[in-house]
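Examination of the molecular architecture
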Amino acid sequence: MSTLAPLRLLRDPSNASEGNQSNATVGASGGWCQGLDIPNELFLALGLVSLVENLLVVAAILKNRNLHSPTYYFICCLAVSDMLVSISNLAEMLFMLLLEHGVLVMRPSIVRHMDSVIDMLICSSVVSSLSFLGVIAVDRYITIFYALRYHSIMTLQRAVVTMASVWLASTVSSTVLITYFHSNTILLCLISFFLFMLVLMLVLYIHMFALARHHLHSISSHQKPPAAHRGGSLKGAVTLTILLGVFFICWGPFFFHLILIVTCPTNPFCTCFFSYFNLFLILIICNSVIDPLIYAFRSQELRRTLREVVTCSC
């Protein structure tokens, strides 16, 4: 998959400086440094699946008034962010294919402008997806530990302010990133943001995991532990483990790639890692496919609404 600038620079930062030296080192390091040849069809297929999934989630939440609550609004925003990931991927793919096959002919200045627009959409979707994953973690934490005060803490007005702030911050940060993409300071800010979200989710989910484990032990201490409560605690603990695992697997390699760009852009081991950039993009798109399965489709009310939406569309 061809990537546009500045994403092309992220894929192969060695081109920015000492490119010949880096390429020679990579060539001498063995075939495993050549990366993976991921077909364009895979990008398109995953993008379409993610787009359809998240579109269904948004349609179901908008259709069912019972789902008009801050929790589901945050899930809806995450679905929209994941849709932007899919749309930007599909738009980039189609744009590059049309240019490469001569179907679309544009002046270089217009091409650069289109590059910037698509890159800004990609960066904005990445930042907003990460932000809403963190917001959902905070919302779940409040639901569990402050259940009686949840509706007074997470009011509709605060939810709207939170969502608007995330979208505004994502748009501004993506504009700054595209404008100053050559600066390591920008990459460091993006890396710091990811680490902050990772630590935030770790702390909140580990605390919730510990509560579920304590609840399970409390139930087990009785002579006749209720099977339903025991299963619910185990299910909650497993869900939290899956959430953290999926987040780290899907997002970790991409941001580790950014860390290596800042710390060792011409090191032979780093350049080998850079050659797998397309795989890291695939993982991010896979995260957009998995998110609805974890955050949305587990809700019985939302699944029922989804069936109604699909039935009406058919």
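Residues numbered from 1 in each chain as written. Predicted model: local features only at pLDDT ≥ 70, side-chain atom pairs only at ≥ 80, totals over all residues. Heavy atoms only, no water.

1. Thoughts on the packing of helix α4 (residues 70-100) against helix α11 (residues 277-296)
The N-to-C vectors of α4 and α11 enclose an angle of 155°; their axes lie 10 Å apart at closest approach. Taken together, the axes of α4 and α11 are roughly antiparallel relative to one another. Helix-helix and strand crossings are classified by hand; for α4 and α11 the assignment is left-handed. Where α4 abuts α11, its residues Ile 75, Leu 78, Asp 82, Val 85 and Asn 89 lie against Ile 284, Ile 285, Ser 288, Asp 291, Tyr 295 and Ala 296. (Axes fitted to C-alpha atoms, helices over the stretch in contact; angles between N-to-C directions. Helix = DSSP H or I, 4+ residues; strand = E, 2+ residues; numbered from the N terminus. Parallel < 35°, antiparallel > 145°, perpendicular 65-115°, else oblique. Left-handed = near helix turned anticlockwise from the far one by under 90°. Contact = heavy atoms within 4.5 Å.)

2. Brief notes about the UniProt feature "transmembrane region" (unreviewed entry) in the protein chain
UniProt feature "transmembrane region" (unreviewed entry): in the numbering of this structure it lies at residues 42-62, 74-97, 117-138, 159-179, 185-212, 233-261 and 273-297. Segment residues 42-62 splits into 100% helix and 0% strand. End C-alpha atoms: 30 Å apart. (UniProt positions renumbered as here; feature names shortened; annotations may be inferred.)

3. Details of the packing of aromatic side chains
All told, the structure shown has nine aromatic pairs when counted by the stated rule. For the ring pair Phe 132 and Trp 167, a centre distance of 5.4 Å and an interplane angle of 55° mean the geometry is tilted. Linking Phe 132 in helix α5 (residues 108-145) with Trp 167 in helix α7 (residues 156-179), this pair joins segments that are 35 residues apart in sequence. On the basis of an interplanar angle of 15° and a centroid distance of 5.8 Å, the ring pair of Phe 194 and Phe 247 is categorised as stacked. Here the residue Phe 194 occupies a position in helix α8 (residues 184-220), and Phe 247 occupies one in helix α9 (residues 227-263), the gap between them amounting to 53 residues. Residue Phe 194 shares its accessibility class with Phe 247, and that shared class is buried. (Phe/Tyr/Trp six-rings, centres within 6.5 Å; stacked < 30°, edge-to-face > 60°. Buried < 20%, exposed > 50% of the residue type's maximum accessible area, 1.4 Å probe, protein only.)

4. Brief notes about the pattern of salt bridges
Think of it this way: side chains of opposite charge can pair up when their charged atoms draw near. Applying the stated rule across the entire model yields two salt bridges. One salt bridge connects Glu 301 with Arg 304, and the closest N-O pair in it is separated by 2.8 Å. Of this pair, Glu 301 and Arg 304 both sit in helix α12 (residues 300-313), separated by three residues, roughly a single helical turn. Here Arg 304 makes a salt bridge to Glu 308, at a shortest N to O gap of 2.7 Å. One end of the pair, Arg 304, and the other, Glu 308, are both in helix α12, four residues apart, so they sit about a helical turn from each other. (Salt bridge = Lys/Arg side-chain N within 4 Å of Asp/Glu carboxyl O.)

5. Remarks on the environment of Val 246
On the secondary structure map, Val 246 appears in helix α9. On the basis of relative accessible area, Val 246 is assigned to the buried category, the value being 16%. Separated by 44 residues in sequence, Val 246 and Ile 290 have C-alpha atoms that sit 8.2 Å apart. Excluding residues that lie within four positions of it along the chain, Val 246 makes contacts with Asn 287, Ile 290 and Ile 294.

6. Focus: the packing of helix α3 (residues 40-63) against α4
Helix packing geometry: the angle between the two helix axes and the distance between the axes. Packing of α3 against α4 brings their axes to within 8 Å, and their N-to-C directions diverge by 150°. The orientation of α3 relative to α4 falls into the category roughly antiparallel. α3 and α4 meet at a crossing whose hand is left-handed. A breakdown of the residues in the contact of α3 with α4 according to their chemical character gives 18 nonpolar, six polar and one charged. (Nonpolar A, V, L, I, M, F, W, Y, C, P; charged D, E, K, R; others polar.)

7. Digging into the side chain of Glu 53
Locating Glu 53 in the fold gives a position in helix α3. Within the buried set, Glu 53 has no salt-bridge partner at all; the shortest N-O distance to an opposite charge, 13 Å, is to Arg 303. The contacts of Glu 53, once residues within four sequence positions are left out, are Ser 288, Val 289, Pro 292, Leu 293 and Phe 297. (Lys, Arg positive; Asp, Glu negative; His and termini not counted.)

8. As for the side chain of Ser 128
Its place among the elements puts Ser 128 in helix α5. With a relative accessible area of 0%, Ser 128 lands in the buried category. Other than its neighbours up to four places away in sequence, Ser 128 contacts Ser 81, Val 166, Trp 167 and Ser 170.

9. Describing the state of the cysteines
What the rule picks out here adds up to one disulfide. With a sulfur-sulfur separation of 1.8 Å, Cys 264 is cross-linked through a disulfide to Cys 270. The chirality of the disulfide connecting Cys 264 with Cys 270 is left-handed, given an S-S dihedral of about -75°. For the pair Cys 264 and Cys 270, a shared accessibility class is recorded, and that class is buried. The cysteine Cys 77 is free of any disulfide, with Cys 76 supplying the nearest cysteine sulfur at 5.9 Å. Unpaired in this structure, Cys 250 has its nearest cysteine sulfur neighbour in Cys 286, at a distance of 6.5 Å. Classification of Cys 250 as buried rests on a relative accessible area of 4%. (Disulfide = S-S within 2.5 Å.)

10. Focus: α4
Between its first and last C-alpha atoms α4 spans 45 Å; for 31 residues at 1.5 Å apiece the expected length is 45 Å, and the two agree. Once α4 finishes, Gly 102 follows within two positions and takes phi at roughly 75°, a positive value. (Expected span 1.5 Å × (residues − 1).)

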